[in-house]
Amino acid sequence: FSAAAVCYTVDAFAALSARDVVFRDHFATQGAAMLDDVVAHLLDPEILGTLTGRQAARLIWAFGKIGIRRDDLVQRVGQHMGQPDILQYLNAQDISITVWGMAKVRSTNRALLATLAQHIVHSSVLRDFQALSIANTAWAFATLGVRNVELLAALAERTMQDDFLSTFRPQELANTMWALATLGYNKEVLMSSIAARTMEKGFLATFKAQELSNTAWSFATLSIPDEVLMAGIAKRALQPGYLSTFQAQHLANLVWAFATLGVRNDALMAAVAARTLQDRLLTTFTAQNVANTAWAYARFGARDEALLAALAARVADEGLVGTFSAQGVATVAWAFAALNYRDERLMASLAMRAQDRAVLEALTPQNVAYIAWAYARLKFRHEGLLNAVADRTAEPGVLAPFTAQWIATTCWSFATVGIRHDKLMQGIAERILEPGMLATFTAQGLSTTAWAFVPLGVPRRAGMTAI
């Protein structure tokens with residue numbers, strides 16, 4: 001088999017895999033040995049050396065399409081592509097499908113990514129990039145977590161040329177926005193232009209659920225409160241029947257975005273709550289989906305009883321509660337407490353999860369304060385949980401990053417539920433007495449902490465004297 005023949009064969013495998021899931025899955029089981037033989041043949045120096053840049057790009061793309069990660073293939077083929085006599089002939093499509101294929105199987109070959117990024121930035125190939133190539137390249141680098149500022153600046157510059165943005169279709173625009181937000185690249189003039197393009201007459205009406213939610217999520221992640229755009233997104237979301245196309249991730253991202261930007265739309269929140277309760281959709285919510293949704297409603301003080309009851313039941317599901325991170329536990333506990341919604345099964349489930357050693361070790365100062373505050377606010381005196389949190393917080397070095405706000409909140413919470421933990425309180429007293437720390441307390445924070453010190457039996461009288 002020549003290089004060309006093997007490439008045609010792998011291309012056919014990719015095409016068939018896209019059409020037939022069973023055929024694609026075959027390569028992960030019985031067909032794996034055959035792919036091993038194909039890769040071994042391709043990596044033979046005599047075959048590899050004859051690959052054109054286009055063939056090399058198509059190979060990496062095809063393995064991504066099939067869903068098979070072969071880092072050995074990417075490395076060797078990538079080295080071949082990086083040779084000057086090959087690299088100079090790569091066009092925009094070759095580059096974008098290469099990085100797309102890598103991203104689909106999470107194959108992070110930083111050397112190849114850097115080579116391709118430099119080629120885009122320092123050659124004339126950028127002017128040949130069309131909307132799809134821009135979107136796929138940005139999406140791939142973001143998916144792989146590779147933030148190349150030079151590349152992002154070059155893609156942004158190309159995007160803003162002439163009337164280029166008008167050529168973007170909804171998915172291309174949404175994927176580009178998602179990538180920029182994921183990589184934390186916020187160029188005001190670019191995002192303003194993207195918002196303007198999104199709001200062109202009739203364009204938002206063509207957005208599907210994922211495209212709309214990704215757009216909202218992107219602007220919220222970059223902290224861009226474009227009220228006109230958000231109003232347009234809400235209007236689109238509220239069109240009859242449209243929310244029925246939304247899945248869990250879309251709904252959670254949408255309400256999270258509005259809450260993050262502080263853009264309140266009661267009609268939208270009510271409609272999302274109603275959709276969440278339909279078609280057993282809630283059973284597909286992940287821990288992150290639940291946390292983001294609960295947080296969003298709490299952020300607006302939107303106490304939807306039916307939604308909260310359903311979310312609480314979902315959290316208590318044995319198959320889900322074990323997937324919550326420390327942040328997720330703290331967020332859900334805080335949200336239900338903020339809405340003053342007390343569900344004993346929910347709080348018991350969260351307490352059980354929070355006492356897992358891995359979760360305890362991952363708790364941030366904010367997590368500790370949120371969890372303690374939530375149980376105190378709801379008058380849920382869970383000694384096992386709070387003592388475990390206190391034990392962890394009192395360990396050497398853990399209190400060092402605690403701010404005045406988190407100290408005051410934690411003290412108030414333990415005092416409110418009447419749980420005294422001498423080692424934690426001694427550590428807090430010592431933290432308060434560190435140079436300059438007391439000066440960061442607000443008057444409310446000082447009074448709250450001083451009030452809590454009395455029932456908690458703070459062991460150092462110097463702490464009270466200093467306050």
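Remember, predicted model here, so these are calculated numbers, not experimental data. (Residues numbered from 1 in each chain as written. Predicted model: local features only at pLDDT ≥ 70, side-chain atom pairs only at ≥ 80, totals over all residues. Heavy atoms only, no water.)

Asks: Would you mind going over the overall build of the protein with me for this structure?
Replies: When its secondary structure is counted, the protein shows 29 helices and 0 strands. With the principal axes as the frame, the protein shows a C-alpha extent of 80 × 50 × 45 Å. Evaluated residue by residue, the protein yields a buried proportion of 55% over its 467 residues. Summarising the internal contacts of the protein: among those between residues at least 6 apart in sequence, 81% fall at separations of at least 24. A total accessible area of about 20,500 Å² is found for the protein, and carbon and sulfur atoms account for 52% of it. In the protein, 40 positive and 38 negative side-chain charges are present, and the distance between their average locations comes to 5 Å. (Helix = DSSP H or I, 4+ residues; strand = E, 2+ residues; numbered from the N terminus. Buried < 20%, exposed > 50% of the residue type's maximum accessible area, 1.4 Å probe, protein only. Contact = heavy atoms within 4.5 Å. Areas by Shrake-Rupley, 256 points an atom, 1.4 Å probe, with all protein chains shown as cover. Lys, Arg positive; Asp, Glu negative; His and termini not counted. Charge placed at Lys NZ, Arg CZ, Asp CG, Glu CD.)

Asks: Can you walk me through the pattern of salt bridges in this structure?
Replies: Charged atoms that come close allow side chains of opposite charge to pair. Considering all chains together, one arrives at 19 salt bridges under this definition. One salt bridge in this structure joins aspartate 36 and arginine 70, with 2.6 Å as the shortest N-O distance. With aspartate 36 in helix 3 (residues 32-42) and arginine 70 in the loop between helix 5 (53-66) and helix 6 (71-81), the pair connects residues that are 34 residues apart, well separated along the chain. Using a relative accessible area of 40% as the deciding quantity, one classes aspartate 36 as partly exposed. The class for arginine 70 is buried, based on a relative accessible area of 18%. One salt bridge connects arginine 314 with aspartate 317, and the closest N-O pair in it is separated by 3.8 Å. In the salt-bridge network here, residues are joined through shared partners; they are Arg357, Glu361, Arg392 and Glu395. (Salt bridge = Lys/Arg side-chain N within 4 Å of Asp/Glu carboxyl O.)

Asks: Would you explain helix 8 (residues 92-104) in this entry?
Replies: An α-helical turn contains 3.6 residues, so any two residues separated by three or four positions project in the same direction. The end-to-end C-alpha distance of helix 8 is 18 Å, a good match for the 18 Å that 13 residues give at a rise of 1.5 Å each. Every buried residue of helix 8 is accounted for by Ala92, Asp94, Ile95, Ser96, Ile97, Thr98, Val99, Trp100, Gly101, Met102 and Ala103. On the buried face of helix 8, the contacting elements are helix 5, helix 6, helix 9 (110-122) and helix 10 (131-143). Measuring from the backbone nitrogen of glutamine 93 back to the side-chain oxygen at the start of helix 8 gives 3.1 Å, which picks out asparagine 91 as the cap. Immediately beyond the C-terminal end of helix 8, within one or two residues, lies arginine 106, with a positive phi of roughly 55°. (Expected span 1.5 Å × (residues − 1). Polar contact = N/O pair within 3.5 Å; in protein donor to acceptor, adjacent residues only side chain to side chain.)

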